Amino acid sequence: MKRIAGVLALAALALAGVFAGVFLPSGGASPKAADATTRITVKASEFRFVFSTKNIPTGTIYFTVKNVGKISHDFAIGGQKTKVLAPGKSQVLKVTIKNKGSYVFLCTLAGHAAAGMKGKLVVGTAAPPTTRVTVKGSEFKYVLSRKSVPAGVVIFTVNNVGKISHDFKIAGVKTKVLAPGKSQVLRVTISKKGNYSFLCTLLGHAAAGMKGKLAVGVAPVPVTTTTPPPTTTPTPPPPPPPTGTVGNANTTVQVGMFEYGYTLSQSTVPSGQVTFVIKNNGAEVHNFSLPGVKAGALLSPGQTQTYTVSLPPTRYSYVCDVPFHIDRGMIGSLNVSQ
């Protein structure tokens, strides 16, 4: 019996040595590190997403999506999406992204992505910089808050500070036509360095000066100081000096404007006080000016103006002051009789 017990004890020690060699190795490869876990807050409103950060490593990402807008939105990325969130509601969306790259995010509700609720989230590499540029458009020029930006996302806040409508186009993206006093935010991703042309696409506005270049990732284009050649736009001569005295008549003339001409209720009026009731019946901005007498206001489609002037007997020219409209026929004459 003692001999059998000794044999069993030796066998137990041998097995212990074997298992120690298998399960308790010294050295060797360390266990694989766990994927990174990132938490991001996403605020949805009309019509954009705002992220708490855009520098994101690969791994598991928890998006806390909050609807801070006034209508419903959702959020989709990486093949997954939240439910439709009513105003004030939120949801946590867990997404695992293992590969580096740019991932499209958007609101899937009809029309929301087209209105601006979309973009790309860079995962595993540094996100491109985001630069904000203020653009002021007027007759007939743009003033930009900066003339050069780094390559990446550029957010243009376009303000129409002029008296007629304008728009703004760059890198194939444009705003809607902005009425005076209106503004729009335009988000553009420009990845390649270079000089990018911008302009107003309304007829004649770029030729009148509403254009330029924005330097992206390069030095700005130097501004030339050469004197521009004289314009060849025909300018009607000023009316001849008035003859005779101003009469006592008080006449009203109805003026309609269109592309590209005028309709007047009468082409001859007696001297004296003449009231012009002007309406823009066209689709572009026009005005009705009597050179040397009165410059009419620039009127958007549908707008009206009324002004009264004293006209001694002579022949007066009337024109549209918008660039190139005289060339297209917006010119005429009014006879003022004794």
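All of these numbers come straight from a predicted model, not from anything done at the bench. The written sequence of each chain sets the order in which its residues are numbered from 1. Local features are withheld for residues below a pLDDT of 70 in this predicted model, meaning they are given only at 70 or higher, and side-chain atom pairs are given and counted only at 80 or more; totals for whole chains, interfaces and linings count all residues. Only hydrogens and water are set aside when side-chain values are computed; all heavy atoms of the structure are taken into account.

Examining the overall build of the protein
Counting secondary structure elements, the protein contains one helix and 24 strands. We call two residues in contact when some of their heavy atoms are within 4.5 Å. Summarising the internal contacts of the protein: among those between residues at least 6 apart in sequence, 55% fall at separations of at least 24. Values of accessible area rely on a 1.4 Å probe in the Shrake-Rupley scheme; residue burial ignores everything except the protein chains shown. About 19100 Å² of surface is accessible on the protein, with carbon and sulfur atoms providing 57% of the total. Where helices and strands are cited, they refer to DSSP runs of H or I of at least four residues and of E of at least two residues respectively, numbered from the N terminus.

Re the environment of Val-336
Tracing the backbone through its elements, the reader meets Val-336 in strand 24 (residues 331-337). Taking the C-alpha atoms as reference, Val-336 lies 6.0 Å from Arg-315; in sequence the two are 21 residues apart. Residues in contact with Val-336, not counting those within four places in the same chain, are Val-269, Pro-270, Ser-271, Leu-311, Pro-312, Pro-313, Thr-314 and Tyr-316.

Topic: the sheet that holds strand 4 (residues 76-77)
Strand order in the open sheet made by the four strands is 5-4-7-8, with antiparallel pairing throughout. In this open sheet, the two strands that pair with only one neighbour each are strand 5 (80-81) and strand 8 (118-123). In this description, strands pair whenever DSSP reports at least two bridges between them. Judged from the two bridges that link them, strand 4 and strand 7 (residues 101-106) form a sheet pairing that is antiparallel. Each bridged residue has a counterpart across the sheet, and for Ala-76 the counterpart in strand 7 is Leu-106.

Considering the pattern of salt bridges
In a structure, side chains of opposite charge can pair up when their charged atoms sit close to one another. Definition used for salt bridges: Asp or Glu carboxyl oxygen within 4 Å of a side-chain nitrogen of Lys or Arg. Evaluation of the coordinates by the stated rule reveals two salt bridges. For the salt bridge of Lys-81 with Asp-74, the shortest nitrogen-to-oxygen distance reads 3.4 Å. On the basis of relative accessibility, which here comes to 1%, the residue Asp-74 falls in the buried class. Residue Asp-167 pairs with Lys-174 through a salt bridge whose shortest N-O separation is 3.3 Å. The cut-offs for exposure are 20% and 50% of the maximum accessible area for each residue type, with area from a 1.4 Å probe on protein chains only; residues under the lower value are buried, those over the upper are exposed, and the others partly exposed.

Brief notes about unusual backbone geometry
Omega for the peptide link from Glu-46 to Phe-47 comes to -10°, which places this bond in the cis form. Among the structural elements, Phe-47 can be located in the loop between strand 1 (36-45) and strand 2 (48-51). A cis amide bond, omega -15°, links Glu-139 with the succeeding residue Phe-140. Its identity is not glycine, yet Ala-171 carries a phi of approximately 50°, on the positive side. One non-glycine residue, Phe-324, lies in positive phi territory at about 75°. Here Phe-324 shows up in the loop between strand 23 (314-319) and strand 24. Its relative accessible area of 27% is what places Phe-324 among the partly exposed residues.

Side note on the packing of aromatic side chains
Here a pair means two rings of Phe, Tyr or Trp (six-membered ring of Trp) with centres within 6.5 Å. Their orientation is stacked below 30 degrees between planes, edge-to-face above 60, and tilted elsewhere. Considering all chains together, one arrives at 15 aromatic pairs under this definition. Between Phe-168 and Phe-198, the aromatic rings sit 5.7 Å apart at their centres with planes inclined by 35°, giving tilted as the arrangement. Of this pair, Phe-168 sits in the loop between strand 12 (152-160) and strand 13 (169-170) while Phe-198 sits in strand 16 (residues 194-199), and the two are 30 residues apart along the sequence. Per residue, the accessibility class of Phe-168 equals that of Phe-198, and both read buried. Centre to centre, the rings of Phe-288 and Tyr-318 are 5.2 Å apart; their planes meet at 35°, and the pair counts as tilted. Highlighted residues: Phe-288 in the loop between strand 21 (272-280) and strand 22 (304-311) and Tyr-318 in strand 23, separated in sequence by 30 residues.

What about the side chain of Ser-289?
As for its placement among the helices and strands, Ser-289 is situated in the loop between strand 21 and strand 22. Assessed through its relative accessible area of 2%, Ser-289 is described here as buried. Separated by 3.1 Å, the side chains of Ser-289 and Asn-287 make a polar contact. Apart from residues no more than four positions distant in its own chain, Ser-289 is found in contact with Lys-294, Ala-295, Gly-296, Tyr-307, Ser-317, Tyr-318, Val-319 and Asp-321. Polar contact criterion, stated in full: a pair of N or O atoms within 3.5 Å, where within protein one must be able to donate a hydrogen and the other to accept it, and residues adjacent in sequence count only if both atoms are side-chain atoms.

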